[in-house]
Amino acid sequence: MAARSTSLPSSSKKRKAREADATVLTIQVLEKQLTDAVSSRSSLNPLADLLDLAQEAETAAQLSKAIYALYRVLVLVISRGLLSGPDASEDAKAVRTWLLDRLHTFTDLLTGLLKDEEPSLRISALDILLSLQKHLSSALTRTGDAKHPQFHASHFRKIVSALLLCPASLRARQSKKRKTDEENASDHVLDADVRDHFVNKWFSVNEDIRWFFLRDAAVLISKYPSAETPQLSGNLLSILERLTTFPTKPSELNSWWIEELGTQPPKPKRSAPGEEEEEEGSGAAPGDAEEEDDWRKFFDEPPPRAYGEKKGITARVHTLTIHQSLHSLAAHKAVFTRAWLSLLPRLSSGSLEEVKARSLRVLNVLHRGVIPHLTRPILIMDWVSSSVDHGGTVGLLALNALFTLMKEYNLDYPSFYTRLYGFLDRDVLHLKHRARFFRLTELFLSSTHLPATLVASFVKRLSRLSLHAPPAAVVMLIPFTYNMVRGHPALMEMIHRGGGEVTGAECDRFDGEERNPTETKALESSLWELYSHREHYHGGVCALTKILEEAFTRGRYGMEDFLDHTYGTLVETEVKRKIRKEPATEGEGRTGEEDVLGALWKME
């Protein structure tokens, strides 16, 4: 008789289950003892035992219960004022020092868990860290002057450092599994779930969290060289590029994680000559306040105020206290500017592909999410100019940023159109991003104050490149040319020039090798290349070319209707097109020696 199979666990599994249950029970007992000890002001030594259990936990479930138990106990300790306020005796001072050491150990454990392999532990650790930030800051405010709310800066600096440097989890360090170089590199990259949770719940919502993060991130970048911490710039960029909200007027400074910081600060006092106002308690040493004064003076430029807008704090940024800075729009722009100016030079280190990839990410958000919020947008000109040298999509987006600086902030960049003209090479009409190129180029050439010789060079150069372009690119180019000619009537003679003046390519006076668009003699040439597309093999191109032979009476073409064409869309259009009249079949009905079709093919 066959033995009956059993699903009962083995003895080793039973033993592990009993040990796990015992560990959870121990955590609960220790938490109860500590809760009673805080209420009765008795010994808190079990806190060390509970912390040891958290550090030695074998499973994620045990560790989760341990860190939440520690969190509840420490919140109770903080709320009872055991970590702040004056020391009544030497014994009380020693107890406070011991408790602070346990708090720092717990904080280090949580910061490491931000890189744990268990997703729930990563999110829980971040929630607990930010919750402790609120309780620690409120405790500092209660023990100090209520009119000067505090922010526990030293604890928050640990959070910022963990988000940007990503130290390894304690559980990962205890693991004996060997990792490859690729895995080791990814160990210091901020996980997407932690990043998105931080950005969506705190960074894009709370003014105080955003202000302190930007300030501390800039300090962290200046402290660690790129060679030692290559992951720092990438982690910071991944957070900054997802910042979707930024205050544009003082009334928008209305959301605070530390509620006490939301109270209206006193108005700045005018200090006597040579007298400096002291920064209020943020957990920083006096030397730190002086260092902040140095860089904040550089960004001291009062922003223009709209008519009827409520006046906010308008004193010089470097003279404001922390509380006043949090309610000052200029101070928020100052830390935002410093963070980006510290980050941009770091993005140029690494391989060429890495630099181009990071630059592309920055340029995608630069003109809308960064430039409008900078204290002095002109300060990023050098980095943007160097990005133009990468060419391709990166260079084109860099030109877009330069154009924004020229148009909105009066940047003087005389070689802008020369650099743009340099992008018109043999590959531009074959690129995957040619739609973006046409969209931006039309924007750059939209001003009617541009010299006709300049615009004529762009139109002529693109016309010459169209001879070897795919039909989808020619379909974009023809309405683009129509819009340029309509906006600059002086270009009309390039279409209608004839009668022996220019009779063919051999008589074309256009200098295709000239790099200066004002010296190409394009205005003395003609658009014979576009005229040749009347015989194009694609019927849509032939039909579209005829608009250049008609009177320019219609309005400008909407380029968006032509930018998304590809081989696929052109074929799909032809397949779906209704044929009104069946075409005649040449050679039908022929027989004998002249039946060429019959000689080549056998019809069945």
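Refer to the preceding data block for the structure.
Residues numbered from 1 in each chain as written. Predicted model: local features only at pLDDT ≥ 70, side-chain atom pairs only at ≥ 80, totals over all residues. Heavy atoms only, no water.

**Regarding the overall build of the protein chain**
In terms of helices and strands, the protein chain carries 26 helices and zero strands. Buried positions account for 45% of the 604 residues belonging to the protein chain. Long-range pairs, those at least 24 residues apart, make up 75% of the contacts in the protein chain between residues at least 6 apart in sequence. (Helix = DSSP H or I, 4+ residues; strand = E, 2+ residues; numbered from the N terminus. Buried < 20%, exposed > 50% of the residue type's maximum accessible area, 1.4 Å probe, protein only. Contact = heavy atoms within 4.5 Å.)

**Focus on the packing of helix H4 (residues 90–113) against helix H6 (residues 153–165)**
One can describe the packing of H4 onto H6 by two numbers: an axis separation of 10 Å at closest approach and a directional angle of 25 degrees. Looking at the two axes, H4 sits roughly parallel to H6. Here H4 runs over H6; the crossing is right-handed. Of the residues in H6, those touching H4 at His104, Thr107, Asp108 and Thr111 are His155, Lys158 and Ala162. (Axes fitted to C-alpha atoms, helices over the stretch in contact; angles between N-to-C directions. Parallel < 35°, antiparallel > 145°, perpendicular 65-115°, else oblique. Left-handed = near helix turned anticlockwise from the far one by under 90°.)

**Let's talk about the side chain of threonine 375**
With respect to the secondary-structure elements, threonine 375 resides in the loop between helix H15 (352–370) and helix H16 (381–388). Given a relative accessible area of 12%, threonine 375 falls into the buried group. Within the structure, threonine 375 has its side chain in polar contact with the backbone oxygen of lysine 333 (distance 3.4 Å). (Polar contact = N/O pair within 3.5 Å; in protein donor to acceptor, adjacent residues only side chain to side chain.)

**What to know about the packing of aromatic side chains**
As enumerated under the stated definition, the model contains 18 aromatic pairs in all. A centroid spacing of 5.0 Å and a plane angle of 70 degrees characterise the contact between phenylalanine 203 and phenylalanine 213, whose relative ring orientation is edge-to-face. In this pair, phenylalanine 203 sits in helix H9 (residues 192–203) while phenylalanine 213 sits in helix H10 (residues 207–223), placing the two residues ten residues apart along the sequence. By the burial criterion, phenylalanine 203 is buried, and phenylalanine 213 matches it. Where phenylalanine 416 meets phenylalanine 444, the ring centres are 5.2 Å apart and the plane angle is 85 degrees; that geometry is what we call edge-to-face. With a gap of 28 residues between them, phenylalanine 416 in helix H18 (residues 416–421) and phenylalanine 444 in helix H19 (residues 434–444) connect regions that are remote in the sequence. Residue phenylalanine 416 is classed as buried on the basis of its relative accessible area of 0%. Accessibility expressed as a relative area gives 1% for phenylalanine 444, which makes it buried. Here the aromatic cluster, defined as three or more aromatic residues joined through ring pairs, consists of Phe151, Phe156, Trp211 and Phe212. Geometry around tryptophan 257 places lysine 134 over its ring, the cationic atom sitting 3.8 Å from the centre. The side chain of arginine 554 reaches across the aromatic face of tyrosine 557, ending 3.8 Å from its centre. (Phe/Tyr/Trp six-rings, centres within 6.5 Å; stacked < 30°, edge-to-face > 60°. Lys NZ or Arg CZ within 6 Å of the ring centre and 35° of its normal.)

**A look at H6**
With 13 residues, H6 extends 18 Å from end C-alpha to end C-alpha; this agrees with the ideal 18 Å at 1.5 Å per step. Those residues of H6 lying buried are Ala153, His155, Phe156, Ile159, Val160, Ala162, Leu163, Leu164 and Leu165. Next to the buried residues of H6 lie H4, helix H5 (119–143), H9, H10 and helix H11 (231–240). Cysteine 166, located one to two residues past H6, shows a positive phi value of around 55 degrees. (Expected span 1.5 Å × (residues − 1).)

**Topic: the packing of helix H20 (residues 452–465) against helix H21 (residues 471–487)**
Two quantities define a packed helix pair, namely the angle between the helix axes and the distance between the axes. With their axes 11 Å apart at the nearest point, H20 and H21 run at an angle of 160 degrees to one another. Classified by the interaxial angle, the pair formed by H20 and H21 is roughly antiparallel. For the pair H20 and H21, the sense of crossing is left-handed. On the side of H20, the interface is formed by Val455, Val459, Leu462 and Ser463, while H21 contributes Leu477, Phe480, Thr481 and Met484. Tallied by class, residues from the contact of H20 with H21 come to six nonpolar, two polar and no charged. (Nonpolar A, V, L, I, M, F, W, Y, C, P; charged D, E, K, R; others polar.)

**Side note on the nonpolar core**
Formed by 159 residues in total, the largest nonpolar core has its most connected members in Phe106, Phe198, Phe213, Leu366 and Tyr417. With twelve residues, the single largest contributor to this core is helix H3 (residues 60–79). With residues near it in sequence (within four places) discarded, tyrosine 417 still touches Phe403, Phe444, Leu445, Leu450, Leu454, Phe458 and Pro517. (Core = buried A, V, L, I, M, F, W, Y, C linked by side-chain atoms within 4.5 Å.)

**Let's talk about the environment of glycine 422**
One can find glycine 422 in the loop between H18 and H19. For glycine 422, a relative accessible area of 54% gives the class exposed. When the C-alpha positions of glycine 422 and glycine 391 are compared, they lie 9.1 Å apart, and in sequence the two are 31 residues distant.

**Topic: the environment of leucine 374**
With respect to the helices, strands and loops of the structure, leucine 374 is situated in the loop between H15 and H16. A C-alpha to C-alpha distance of 5.8 Å links leucine 374 and lysine 333, two positions 41 residues apart in sequence. Not counting chain neighbours up to four residues away, the residues in contact with leucine 374 comprise Phe336, Thr337 and Ile380.

**Quick word on the pattern of salt bridges**
Applying the stated criterion across every chain yields a total of 19 salt bridges. Residues lysine 32 and aspartate 36 are paired through a salt bridge, measuring 2.8 Å at the closest nitrogen-oxygen approach. Taken together, the residues span about one helical turn, with lysine 32 and aspartate 36 both in helix H1 (residues 11–40) at a distance of four residues. Its relative accessible area of 39% is what places aspartate 36 among the partly exposed residues. Each member of the salt-bridge network shares a partner with another, and the members are Arg195, Asp196, Glu241, Arg242 and Arg361. (Salt bridge = Lys/Arg side-chain N within 4 Å of Asp/Glu carboxyl O.)

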